[in-house]
Amino acid sequence: MPPKGPWWKLFWSNGTRYKQNGTYNAAWCLGCLNNHVNLGNKADRDNVALGILDPEQARTREQLFECDTISAHPPVEPVHGRASTMHTHARKCPFVSKDDFVLVDTQAKAEASGNTRSSPASQKNFTIPRESRNSKSSAPPIIDPGEPWTATKNDQFARDLCKLFIACDFAWNAADNIQLQLFFAKYIPQAKVPDRRKLSGIYLDQEVTVAENKTKADIAGRLGTLQCDGWRNVAKVPVVTSMVSASQTPYLVKTHDMSREPKTGDRLYELVQDDIREVSTKFDVETIAVCCDDGPDGRKARRLIDLRMFWIITTVCWAHQINLIFGEYLQLPQYHHCIELALEVIKWFNNHGKALSLLQEEQKQTYKDRLIPLMLLLPVITRWTAHYCAITRLLQICIAVKACCLRHEEALLVCAGRAQEHVNKAQSILDTVSDPTFWRKLTEIKTHLEPLAIAANVSQSTSTRLDQVLLMLANLYRIYGTTTLDEHVRSTIHGSLEKRWKKADQDIYILAGVDSSNPGEPISTGRNGVTKLAIRLLSVIANSASCERLRAELITAVQEDAVADLLEPNTDDVEGPGPLILSHEDSNTTPESQERSPHFGLRRNTCIPLSQLFCYPEHSTANEGLEFYWKGAVRNLEQEIANYELLQEMGTSSTS
């Protein structure tokens, strides 16, 4: 009988001594024997398929283990039956399961230290081969690992594993984790798991090359808008991200580390120049426009582009501009306090689990048609419609909030805590909820913010065009020009719209609007040239929101990736603009601004106020005039409110 050491669970012996050694038996590795039998079995199957061997002559796996059969093939050399020798062979043998090796090694170490009870290897029952009474070469237990994988299949497995790590946001160190290796050794023993260096090295480089080639195949020869935006990553390192939008789809170009760089317009202009060259050489895309925010560095970079690269259109990010209009409204003194009270109510309920539970139960009693209670949404500064969504949600469940505070007043005061300041805070929340003036003013605020929220949803799309921006600004001017609106609100919004429109290069927006509103009518004699001009103008994307979305995905990848597609605004419902109504009174008006444009020495910057650019009808129906996109944008905004709830629910579950 072979010795009873743990390593004999991975080896087999027929009782013969190793060569001339008089102490130790010869030990055959079970993994090597099984692989040897697999090769013999495969050879017999191939010979049967080729007609060289009859099916009856094909040997079974048991027959292949007979000594005389083994000797007919290249022999499996035995090793010295010493424990250290078997350990060395099992550790290096590619046919020994890593799972079995770790368990046996653990048991051997435990026995060496005299602690066999704590060894997990002792919990596993191995089948120790027994000698046959009739033959010294009785077959060891058969562990069929299946057909060995080819080098090509192992390479494909490693590349797919690399993509899996990227998609699931796994750390590269996980490839060296023993539990992951044991998992694959148990269920896919043929697979060779690459270590973290190879996975994050050659295989990641291969996937990058594949992605770049696919991107080039998708956008080669197209017109693109270069978008750039600065932010700080999770390590608080300032970076500038550049993306190119071609065929209404954004693609990442490069992320620049700005930790040791000056944040100036000159440096941003140099980065834009480098990115334009890279987009041209690597992806074969012609850059026709550059879009960035309206910060000091962005303004100077656009001015330098206008001066030195005058064939490229420059535009501000209109998603940022709409958000700035949001900010100006939120600072209005007659509404600012009410908005702060609403946010306090939302935060107080979200921060007190008992109060939130009572509110959810009240919703079930109040809104019996809803399957699940709605969540209170807290605004996030990086989400441009967040305040509108938060206020809208609070108004949606206002009846339940009032009923909860009325029925459970004492319980809400108790759950606030024993400190007097906490009790006073809870009492102030109850007073706010019971005040009808608060709810009336909050409803008024929601009505004021809704057009801006719809405009933000339109302006942050991946396909926002120059003509859509023009019509969006005009429609906002019309909506906030109604006589029923508060005079202070009307003057604030109109002033903000005029200020931002005045800074824009109005010529390209007006020309894009004319081109899009007359698709079948030539506006001058050179039809081919006009068509190319229209295609060029209508290919410009007037925002850098794709960089903002990329920032959100990189900062909170695990949560954001689950809903990345949901959060991206959809403008599939946005149809082409209706007839563009220019003011006849001002169509031939001499522009007010007489500043010389850096584009051409003879052209002057156009500066026509929004109030004079259009004839604003008092009433218009959807899909007509300035409301061509409003219906689809409203549907998208309703979907975005649901997306915010999903994001907040995921954030709550991750921190609990």
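Everything that follows concerns the structure shown earlier in this document.
Let's talk about the side chain of threonine 315
Step number 1: Mapped onto the elements of the fold, threonine 315 is located in strand β8 (residues 313-316).
Step number 2: The contacts of threonine 315, once residues within four sequence positions are left out, are Val290, Cys291, Cys292, Arg302, Tyr509, Ile541 and Ala542.

What to know about the nonpolar core
Step number 1: Of all hydrophobic cores here, the largest spans 81 residues; its most connected members are Phe349 and Leu394.
Step number 2: Setting aside its immediate chain neighbours within four residues, phenylalanine 349 contacts Ala355, Leu356, Leu359, Leu376, Val401, Cys404, Cys405 and Ile429.
Step number 3: Core analysis: the next-biggest nonpolar cluster, separate from the first, contains 24 residues, Ile276, Val290, Ala301 and Leu304 among them.

With respect to the state of the cysteines
Step number 1: Tallied over the entire structure, the rule returns 0 disulfides.
Step number 2: Cysteine 291 carries a free sulfur, and the closest cysteine sulfur to it, the one in cysteine 317, is 5.1 Å from it.

A word on unusual backbone geometry
Step number 1: Even without being a glycine, glutamine 248 presents a positive backbone phi close to 65 degrees.
Step number 2: Following the sequence through the fold, glutamine 248 ends up in the loop between β5 (238-246) and β6 (249-257).
Step number 3: Judged by its relative accessible area of 42%, glutamine 248 falls in the partly exposed class.
Step number 4: Despite not being glycine, aspartate 284 shows a phi value in the positive range, around 55 degrees.

Quick notes on the sheet that holds β8
Step number 1: Taken together, the 5 strands give an open sheet; going across it, the order is β6-β5-β4-β7-β8, and neighbouring strands pair in mixed fashion. The strands lining the two open edges of the sheet, one partner per strand, are β6 and β8. Across the sheet, the axes of successive neighbouring strands diverge by a mean angle of 25 degrees, strand direction being ignored.
Step number 2: Alignment of strand β4 (residues 223-232) against strand β7 (residues 286-292), held across 5 bridges, turns out to be parallel. The residue of β7 that forms the bridge with threonine 225 is alanine 289.
Step number 3: Across the sheet, helix α9 (residues 265-283) is in contact with β4, β5, β6 and β7; its angle to β6 comes to roughly 130 degrees.

About the cut-offs
- Residues numbered from 1 in each chain as written.
- Predicted model: local features only at pLDDT ≥ 70, side-chain atom pairs only at ≥ 80, totals over all residues.
- Heavy atoms only, no water.
- Helix = DSSP H or I, 4+ residues; strand = E, 2+ residues; numbered from the N terminus.
- Contact = heavy atoms within 4.5 Å.
- Core = buried A, V, L, I, M, F, W, Y, C linked by side-chain atoms within 4.5 Å.
- Buried < 20%, exposed > 50% of the residue type's maximum accessible area, 1.4 Å probe, protein only.
- Disulfide = S-S within 2.5 Å.
- Pairing = 2+ DSSP bridges.
- Axes fitted to C-alpha atoms, helices over the stretch in contact; angles between N-to-C directions.

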